[in-house]
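Coordinate inspection notes
Next come the chains, spelled out residue by residue.
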Amino acid sequence: MIRATLDQYLEEDRVSAKTLHDEAKQRHGDDYRTPGYYLRLYRHRAERTQAELAEKTGLRQHHLSEMEHHKGVIGNANANAKKLAPILDCDYRKLL
């Protein structure tokens with residue numbers, strides 16, 4: 001069974017990282033790889049809603065929404081990133 005899985009893995013087509021990034025940039029436009037993009041990405045990965053994240057961090061839900069939608073950084077960006085990072089299991093610098 002393991003051998004069949006490994007054989008299947010070896011037969012898969014490989015896609016370069018550049019191709020994946022180019023496709024993501026095309027899908028997400030100017031928002032790709034911005035702090036708001038990463039905030040939304042990590043929040044979805046952690047399977048949290050904005051309301052849940054707001055409750056855990058003490059930030060207001062509408063501030064999280066504004067951050068995700070690139071309406072500007074609310075309050076002290078460094079402090080907010082350091083509150084969010086442990087809950088989202090990411091490096092706080094991605095959120096700055």
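Above this text you will find the structure in question.
This write-up is about the structure you can find in this document. (Residues numbered from 1 in each chain as written. Predicted model: local features only at pLDDT ≥ 70, side-chain atom pairs only at ≥ 80, totals over all residues. Heavy atoms only, no water.)

**What to know about the side chain of Gln50**
Note on placement: Gln50 falls in helix α4 (residues 50-57). Within the structure, Gln50 has its side chain in polar contact with the side chain of Glu68 (distance 3.0 Å). Those residues within four positions of Gln50 in sequence are excluded, and the remaining contacts are Arg43, Gln61, Leu64, Ser65 and Glu68. (Helix = DSSP H or I, 4+ residues; strand = E, 2+ residues; numbered from the N terminus. Polar contact = N/O pair within 3.5 Å; in protein donor to acceptor, adjacent residues only side chain to side chain. Contact = heavy atoms within 4.5 Å.)

**Looking at the packing of helix α3 (residues 35-45) against helix α5 (residues 61-68)**
Relative to each other, α3 and α5 sit at 120 degrees, their axes nearing to 7 Å. Taken together, the axes of α3 and α5 lie oblique to each other. Where α3 abuts α5, its residues Gly36, Leu39, Arg40 and Arg43 lie against Leu64, Met67 and Glu68. Residue composition of the contact of α3 with α5, by class: three nonpolar, one polar and three charged. (Axes fitted to C-alpha atoms, helices over the stretch in contact; angles between N-to-C directions. Parallel < 35°, antiparallel > 145°, perpendicular 65-115°, else oblique. Nonpolar A, V, L, I, M, F, W, Y, C, P; charged D, E, K, R; others polar.)

**Considerations on the packing of aromatic side chains**
Tallied over the full model, the rule gives three aromatic pairs. With a centroid separation of 5.2 Å and 75 degrees between ring planes, the pair formed by Tyr32 and Tyr37 is classed as edge-to-face. Side by side, Tyr32 and Tyr37 carry an identical accessibility label, which is buried. Among the residues examined, Tyr37 registers a relative accessible area of 12% and is labelled buried. Members of the aromatic cluster, joined through ring pairs, are Tyr32, Tyr37, Tyr38 and Tyr42. The ring of Tyr92 is capped by Lys82, whose NZ or CZ atom sits 5.0 Å from the centre of that ring. (Phe/Tyr/Trp six-rings, centres within 6.5 Å; stacked < 30°, edge-to-face > 60°. Buried < 20%, exposed > 50% of the residue type's maximum accessible area, 1.4 Å probe, protein only. Lys NZ or Arg CZ within 6 Å of the ring centre and 35° of its normal.)

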